Amino acid sequence: MALLETLEWRYATKKYDSTKKVDQKDVDKIIEAARMAPSSSGLQPFRVVLITDQQLKEQIVPVAWGQQIIAESSHLLVFAAWDKYTDERIDATFNQMNNHRGLPLDTTDDYKNKLKSMFAALTEEQQAAHAAKQAYISFGMAIAQAAELKVDATPMEGFSNGELDKLLGLDKLGLKSVVLLPLGYRLGEEDWLLKLKKFRLPKTEFLIELP
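Let me sum up the structure you'll find in this document. The model shown is predicted, which means the values in this text are computed figures rather than measured ones. (Residues numbered from 1 in each chain as written. Predicted model: local features only at pLDDT ≥ 70, side-chain atom pairs only at ≥ 80, totals over all residues. Heavy atoms only, no water.)

1. Observations concerning the packing of aromatic side chains
Summed over all chains, the structure comprises five aromatic pairs. Look at Phe79 and Phe139: their rings are 5.3 Å apart centre to centre, the planes differ by 80 degrees, and that puts the pair in the edge-to-face class. Highlighted residues: Phe79 in strand β2 (residues 75–82) and Phe139 in helix α7 (residues 124–148), separated in sequence by 60 residues. For Phe79, a relative accessible area of 0% gives the class buried. For Phe139, a relative accessible area of 6% corresponds to the buried category. On the numbers, 5.9 Å between centres and 85 degrees between planes, the contact of Tyr136 with Phe139 is edge-to-face. Remark: Phe139 and Tyr136 occur in helix α7; sequence separation between them is three residues, near one turn of the helix. Following the ring pairs from residue to residue traces out a cluster consisting of Phe79, Tyr136 and Phe139. The side chain of Arg186 reaches across the aromatic face of Trp9, ending 4.2 Å from its centre. (Phe/Tyr/Trp six-rings, centres within 6.5 Å; stacked < 30°, edge-to-face > 60°. Helix = DSSP H or I, 4+ residues; strand = E, 2+ residues; numbered from the N terminus. Buried < 20%, exposed > 50% of the residue type's maximum accessible area, 1.4 Å probe, protein only. Lys NZ or Arg CZ within 6 Å of the ring centre and 35° of its normal.)

2. As for the nonpolar core
If you look at the biggest cluster of nonpolar residues, it comprises 47 residues, and the most contacted ones within it are Ile70, Phe79, Leu180, Leu181 and Leu183. Apart from residues lying up to four places away in sequence, Leu181 is in contact with His75, Leu76, Leu77, Phe79, Phe139, Ala142, Ile143, Ala153, Thr154 and Pro155. (Core = buried A, V, L, I, M, F, W, Y, C linked by side-chain atoms within 4.5 Å. Contact = heavy atoms within 4.5 Å.)

3. A closer look at the pattern of salt bridges
For the coordinates displayed, the defined rule picks out eight salt bridges. Note that Glu32 is salt-bridged to Arg35, the shortest N-O span being 2.6 Å. Of this pair, Glu32 and Arg35 both sit in helix α2 (residues 24–35), separated by three residues, roughly a single helical turn. Relative accessible area serves as the criterion here: at 34%, Glu32 is assigned to the partly exposed category. On the basis of relative accessible area, Arg35 is assigned to the partly exposed category, the value being 49%. Among the ionic pairs, Arg186 bridges to Asp152, the shortest N-O distance being 2.8 Å. Here Arg186 is found in the loop between β4 (175–184) and α9 (203–206), whereas its partner Asp152 is found in strand β3 (residues 152–153), with 34 residues between them in sequence. By relative accessible area, which is 3% here, Asp152 ends up buried. Members of the salt-bridge network, linked through shared partners, are Asp91, Asp109, Lys112 and Lys116. (Salt bridge = Lys/Arg side-chain N within 4 Å of Asp/Glu carboxyl O.)

4. Quick notes on a nonpolar patch on the surface
A contiguous nonpolar patch, built from Phe199, Leu201, Phe206 and Leu207 and spanning about 460 Å² of accessible area, is present on the exposed surface. Inspection of the secondary structure puts Phe199 in the loop between β4 and α9. By relative accessible area, Phe199 is classed as exposed at 61%. (Patch = residues over 30% accessible without salt bridge, like charges linked within 9 Å, V, L, I, M, F, W, Y side chains within 5 Å. Areas by Shrake-Rupley, 256 points an atom, 1.4 Å probe, with all protein chains shown as cover.)

5. A closer look at the sheet that holds β3
Read from one edge of the open sheet, four strands run β1-β2-β4-β3, paired in antiparallel fashion. If you trace the sheet from one side to the other, it starts and ends with β1 (46–51) and β3, each paired once. Examined bridge by bridge, β3 and β4 share two bridges and lie antiparallel to one another. Within the sheet, the bridge partner assigned to Asp152 lies in β4 and is Gly184. Contacting β1, β2, β3 and β4, α7 crosses the sheet at an angle of about 10 degrees to β4. (Pairing = 2+ DSSP bridges. Axes fitted to C-alpha atoms, helices over the stretch in contact; angles between N-to-C directions.)

Put into structure tokens, the structure is as follows:
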């Protein structure tokens with residue numbers, strides 16, 4: 001199915017069939033699409049947390065403002081970004097990159113040092129915001145891949161980030177939760193949103209063409 005057709009098919013599912021589980025092969029493809037997403041300077045300053053344990057999903061429901069789709073979903077993906085950029089994190093990523101490419105570790109020193117200086121000039125809050133933006137690019141890729149596989153997904157920002165970080169131990173890993181993506185299959189007859197016509201701004205309003 002073409003990408004535009006899959007995007008027309010997908011919607012933010014509000015009710016999942018808890019009896020249906022997504023095949024792990026499809027979940028792996030969705031995660032791989034997230035992993036292959038572009039990021040600023042190739043740093044990938046975020047991680048994806050996969051949750052399948054039913055008890056843990058139910059613990060997350062109150063953290064997610066009582067939204068039961070967390071517990072109903074087959075799998076839950078948590079996109080979590082670095083809390084800040086450090087020299088150690090930047091060095092580690094570029095060392096892995098150069099090793100993978102068979103290049104001397106000092107190949108990218110000039111560029112790497114410029115990055116370090118740029119991030120050092122930002123507050124930790126600004127650094128975390130920058131990392132979160134990279135996570136969202138990956139998040140979008142995961143949504144698109146899920147749609148191509150006819151797996152339903154629900155983008156969710158409605159949760160207490162700090163509470164979730166403590167529950168999952170993300171704060172101890174230097175990560176901050178950014179956005180959630182429950183996966184599963186729609187329970188159409190009980191999902192109020194599926195009955196509504198899909199709406200997006202018309203292209204004439206969405207697109208600004210400059211001469």
